[in-house]
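# Reading the structure
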Amino acid sequence: MTYAIDKNGYYGYYGGAYIPEILRANIVALKQQFLALRDDQAFNAAFFGLLKDYVGRPSPLYYASRLSERYGAKIYLKREDLNHTGSHKINNTIGQVLLAQRMGKRHILAETGAGQHGVATATVAALMDMQCTVFMGETDMARQQPNVEKMRLLGATVVPVTSGSKTLKDAANEAIRYWIHHPVDAHYVIGSVIGPDPYPAMVAHFQSVISGEIRRQLMEQEGTPFPHAVIACVGGGSNAAGAFHHFLNDKEVQLIGVEAAGKGVDSGYTAATIATGSTGVIHGSKTLLMQDSDGQIREPYSISAGLDYPGIGPLHAYLHETGRATFMQVTDEEALQAVFLLMHLEGIIPAIESAHALAALEKLSFTHAGPVVLCLSGRGDKDMDTYIREAPAALKTHLP
Amino acid sequence: MNRIRSLFEQKEKDILSFYCTAGYPRLEDTLPVLKALQAAGANMIEIGIPFSDPLADGPVIQESSAVALANGMNLAELFRQLKDVRKEIGIPLILMGYLNPLLQYGVSRFCRDAAACGIDGLIIPDLPLEEYRREWQHNTEAYGLDMIFLVTPFTSQERLREIDDCSTGFIYMVTAAGTTGGSIGSDPETHRYFSFIRDQQLKHPVMAGFGIRDKTGFEQVCAFAQGAIVGSGLIRVLQEYPAKGEPVIREFVQSFL
Ligand SMILES: Cc1ncc(COP(=O)(O)O)c(C=O)c1O
């Protein structure tokens, strides 16, 4: 199943490939290879084989009874946090590195914010014996230190990025510039449903395993493949795209994306692209992005390195415009409260990104009896410093 | 009269062009820098519109872009500065900018205001040909602006034809796989690439750019192209412009002659 993408990679008005000429040959070759392999039996056997035996898929669809009791709805958590390397990012990474291998590439590049995509890429590069270079903003290196060490131990070179806000956007800029210098031997594994065509569609395809499993698991556990709603956090939007994918044509399934409001949508310190953005071009794609009236890209802010991005995948811009998906905003503070609540009620330490989706539960009212599926995109190991620092205040105000 | 066409008619080789960032090193330096370049013997100038995220640029031009933005440069300010530029500058002027700021300004408004200042052509490195044909071409044609596209070592022969068909003015030959501010190779592959472009019988003249920083590099590419564009090398020199003034520009330009 694909969603309204045309042959040039547009979802309605959004998408396309706005790249310097030097990368065009790469993008064209990548698209050909992806289209040839997405339905190739041997390729899919390798891909799904690794997802099963190496990643540990299917990830459980866990009925969270205490969370359900609190919100008066049947809440299921899609446990992407239990994947090898701790998040959904590895689904895409395995797909893309397999693809790169078939294209004869020897060197894998990645940008990373939270470090989850970087760790996933370093891991798969080690597995497939490829050279790996990860670009990471200095700000993010400081706040996600454990992941920096993991990448290095796995044999990747981590390049600190010092331009701009020193976060995810700048890391992607540097990865693209490096790729411009090494277009023949390197493949750039973009970590979300962003970037020039074919990346958004390709990353969504590899992540769509999430919603494929949700349908089967709900059928087994609830007797219906259709949830009432699917909720996921949105940075670039890959875990959301994966969780939405197989429900896009099922109009009765509500799709809810949750973006990072930072210190508040109107505070000037936010990463809420849908709420504050307008149409433009970022990282090779026409989409919604945060910019000033001169078209300069604004520096985003969020406590969550993985959501600290001034754009959003073109698919989500389109889902927003058409009204197929609803987008909500959650502040740093609300996300932290959700972290401690989930620890307390379910004994699960979520990633700060995923906690944004959890915090949306506070704002939704559930009148429908149908199951609600929330994509728990990652685990909180990388965020322990933040949680330890923030725990006292958050615990005081929010736990019984 | 089209200034770009008459330049290539009058001077068939060794055309020396420079890239400078608008509003750099100080906001009001744009026009004095253009004048100094022309006075020193430049044949053509590309004026860079600063952008927060210049993907195809190396550290030197990135830095100049950030400084120019911090100085307060934007399109409205640039067009204000260039309002009477044609009273003083006779050589072809080209605006080079990334797509996003131009989209926010408005495609037709941008073309209109550029033309009103006497700008001759545009380079937009992240504008796809299809979008150019759909949303830009009727504007650039209506306002008499040339459209310059880039070709690279990875541009196929078929694509090269397509670009040649779409282009007006000249074709910009990127010297190597890289961002601005690198260096040009003297390896056999680079030689093969330059020869390939030269031997294609393109409809348009070719200017080489990226990594040309001195007379040796200039002469190397001028054996294959009608001329070359010097960017990062000039930006580096402009860092000294506030302290030392116009002579630093004159000396730099004349080092290529
Ligand atoms: C655990 C986790 N969830 C979500 C995200 C956000 O990415 P996306 O919006 O592509 O799912 C990240 C990014 O680093 C992440 O690490």
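Predicted, not measured: the structure shown is a model, and the values here were computed from it. (Residues numbered from 1 in each chain as written. Chains lettered and ligands numbered in written order. Predicted model: local features only at pLDDT ≥ 70, side-chain atom pairs only at ≥ 80, totals over all residues.)

## Observations concerning the overall build of chain B
The line we're drawing: Strands are runs of DSSP state E lasting at least two residues, helices are runs of H or I lasting at least four, and both sets are numbered from the N terminus onward. To get the radius of gyration, use the C-alpha atoms; to get the globule rule, take the number of residues to the power 0.38 and multiply by 2.2 Å. Labels follow a simple rule on C-beta atoms placed from the backbone: if 20 or more others lie within 10 Å of a residue's own, it is buried; if 12 or fewer, it is exposed; otherwise it is partly exposed. Residues are defined as contacting one another if the C-beta atoms placed from their backbone atoms lie within 7 Å.
For chain B, the helix and strand inventory stands at 13 helices and nine strands. Computed over the C-alpha atoms, the radius of gyration of chain B is 17 Å, within 12% of the 18 Å expected from 2.2 N^0.38 for a compact globule of 257 residues. When the backbone C-alpha atoms are referred to their principal axes, chain B occupies close to 45 × 40 × 35 Å. Looking at chain B as a whole, 53% of its 257 residues qualify as buried. By sequence separation, contacts in chain B at least 24 residues apart represent 76% of the contacts at least 6 residues apart.

## Re the overall build of chain A
When helices and strands are counted, chain A shows 16 helices and 14 strands. Over its C-alpha trace chain A gives a radius of gyration of 19 Å, about what one expects of a compact globule, namely 21 Å for 400 residues. Overall size of chain A, expressed as C-alpha extent along the three principal axes, is 55 × 45 × 40 Å. Residues classed as buried in chain A amount to 61% of the 400 residues present. Within chain A, contacts between residues at least 6 apart in sequence are counted, and of these 74% link residues at least 24 apart.

## Points about the sheet that holds strand 7 (residues 157-161) of chain A
Residue and element names in this part refer to chain A. This is how it is decided: For two strands to count as paired, DSSP must find a minimum of two bridges between them. Angular values range over 0 to 180 degrees, each being the angle between N-to-C directions of two axes fitted as lines to C-alpha atoms, with helices fitted over their stretch in contact.
Spatial ordering of the open sheet is given by 7-6-5-8, a layout of four strands whose pairing is parallel. A strand with exactly one partner marks an edge of an open sheet, and here the two such strands are strand 7 and strand 8 (186-188). Ignoring which end each strand starts from, the neighbouring axes of this sheet average 25 degrees apart. Alignment of strand 5 (residues 107-112) against strand 6 (residues 131-137), held across six bridges, turns out to be parallel. Residue pairing in the sheet places Glu-111 in a bridge with Phe-135 of strand 6.

## Re the site of the ligand
All names here are of chain A. Spelled out, the test is: Any residue whose C-beta atom, as set from the backbone, lies within 6 Å of a molecule or strand is reported as near that molecule or strand. Gly counts as polar in this scheme, as do all residues outside two lists: the nonpolar Ala, Val, Leu, Ile, Met, Phe, Trp, Tyr, Cys and Pro, and the charged Asp, Glu, Lys and Arg. For the domain bounds, the source is a domain assignment made automatically or taken from a database.
Taken together, 20 residues sit near the ligand, with Gln-116, Gly-235, Ser-238, Gly-306 and Gly-378 positioned nearest. Put simply, the parts of the chain that give the shell around the ligand at least two residues each are helix 5 (116-127), helix 11 (238-244) and helix 15 (352-360). By residue class, the composition of the shell around the ligand is five nonpolar, 14 polar and one charged. Viewed by domain, the shell around the ligand spans two of them, domain 1 (18-51 + 89-196) and domain 2 (56-86 + 203-398), each represented by three or more residues.

## Some points on the domain arrangement of chain A
Residues and elements named next belong to chain A. Parsing chain A into structural domains produces domain 1 (18-51 + 89-196) and domain 2 (56-86 + 203-398). On a C-alpha basis, the centres of domain 1 and domain 2 stand 22 Å from each other. Listed per partner, the contact involves 34 residues of domain 1 and 37 residues of domain 2. Of all the secondary structure elements, the ones that give two or more residues to the side of domain 1 that touches domain 2 are helix 4 (89-102), helix 5, helix 6 (138-143), helix 7 (145-153) and helix 8 (168-181). Partitioning the side of domain 1 that touches domain 2 into residue classes produces 14 nonpolar, 16 polar and four charged.

## Observations concerning the sheet that holds strand 7 (residues 171-174) of chain B
If you walk across this open sheet you meet the nine strands as 5-4-3-2-1-9-8-7-6 (chain B), and the pairing is parallel. The sheet terminates laterally at strand 5 (146-148) and strand 6 (150-151) of chain B, the two strands that pair on one side only.

## Considerations on unusual backbone geometry
Cis geometry is adopted by the peptide bond preceding Pro-198 of chain A, which originates at Asp-197 of chain A and carries an omega value of 15 degrees. Along the chain, Pro-198 of chain A falls in the loop between strand 8 and helix 9 (199-207). With omega at 0 degrees, the peptide bond leading from Tyr-24 of chain B into Pro-25 of chain B counts as cis. For Pro-25 of chain B, the position within the fold is in the loop between strand 1 (15-21) and helix 2 (30-40).

## A few points about helix 3 (residues 59-71) of chain B
Residues and elements named next belong to chain B. Note the threshold: In this analysis, the expected span of each helix is defined as 1.5 Å times one less than the number of residues it contains. When we speak of the arc, we mean the arc of directions from the helix axis to the C-beta atoms.
Across its 13 residues, helix 3 extends 18 Å between first and last C-alpha, which sits within 8% of the 18 Å expected from 1.5 Å per residue. All of the buried residues along helix 3 are Ile-61, Gln-62, Ser-64, Ser-65 and Ala-68. Buried residues in helix 3, looked at end-on, bunch into an arc of 165 degrees, giving them a common side. Along its buried surface, helix 3 packs onto strand 1, strand 2 (44-48) and helix 11 (232-238). Positioned one or two residues after helix 3, Gly-72 has a phi angle of 100 degrees, which is positive.

## Here's the deal with the interface of chain B and chain A
In this assembly, 28 residues from chain B lie in contact with 24 residues from chain A. Of all the secondary-structure elements, those providing two or more residues to the side of chain B that touches chain A are helix 3, helix 5 (99-105) and strand 6 of chain B. Counting residues per element, the side of chain B that touches chain A draws most heavily on helix 5 of chain B, which supplies six residues. Residues that form the side of chain B that touches chain A fall into these classes: 16 nonpolar, nine polar and three charged.

## Overview of the pairing of strand 6 of chain A
Residues and elements named next belong to chain A. Condition: Look down the strands so they point away from you; if the path from the first strand over the helix to the second goes clockwise, the crossover is right-handed.
Of all seven residues in strand 6, six are buried; the element is thus mostly enclosed. One crossover worth recording links strand 5 to the parallel strand 6 by way of helix 5, and it is right-handed. Pairing analysis gives five bridges linking strand 6 to strand 7, with the strands arranged parallel. Bridge pairing in strand 7 places Phe-135 opposite Val-159.

## Some thoughts on the nonpolar core
Residues and elements named next belong to chain A. We apply this condition: Residues enter a nonpolar core if they are buried, belong to Ala, Val, Leu, Ile, Met, Phe, Trp, Tyr or Cys, and are joined to the set through C-beta atoms within 7 Å.
In this structure, Val-230 and Ile-231 are the most contacted members of the largest nonpolar core, which totals 211 residues. A total of seven residues in this core trace back to one element, the largest contributor, which is helix 14 (residues 332-346). Three or more residues apiece are contributed to this core by two domains, here domain 1 (18-51 + 89-196) and domain 2 (56-86 + 203-398). For Ile-231, the residues in contact, after removing those within four places along its chain, are Ile-256, Val-258, Ala-357, Ala-360, Val-372, Leu-374 and Cys-375.

## A few points about the pairing of strand 3 (residues 93-96) of chain B
Residue and element names in this part refer to chain B. Taking every second residue as pointing to the same face, both faces of strand 3 are buried, with Leu-93 and Leu-95 on one and Ile-94 and Met-96 on the other. Relative to strand 3, strand 2 runs parallel, the two sharing four bridges. Bridge pairing links Gly-48 to Met-96 in strand 3. Note: strand 3 against strand 4 (residues 121-123), three bridges, orientation parallel. Within strand 4, the position partnered with Leu-95 by the bridge is Leu-122.

## Side note on helix 8 of chain A
Residues and elements named next belong to chain A. When the terminal C-alpha atoms of helix 8 are compared, their 20 Å separation across 14 residues agrees well with the 20 Å that a helix rising 1.5 Å per residue should span. Turning to helix 8, its buried residues number three or more, namely Leu-168, Lys-169, Asp-170, Ala-171, Ala-172, Asn-173, Glu-174, Ala-175, Ile-176, Arg-177 and Ile-180. At its buried positions, helix 8 is contacted by strand 5, strand 6, helix 6, strand 7 and strand 8.

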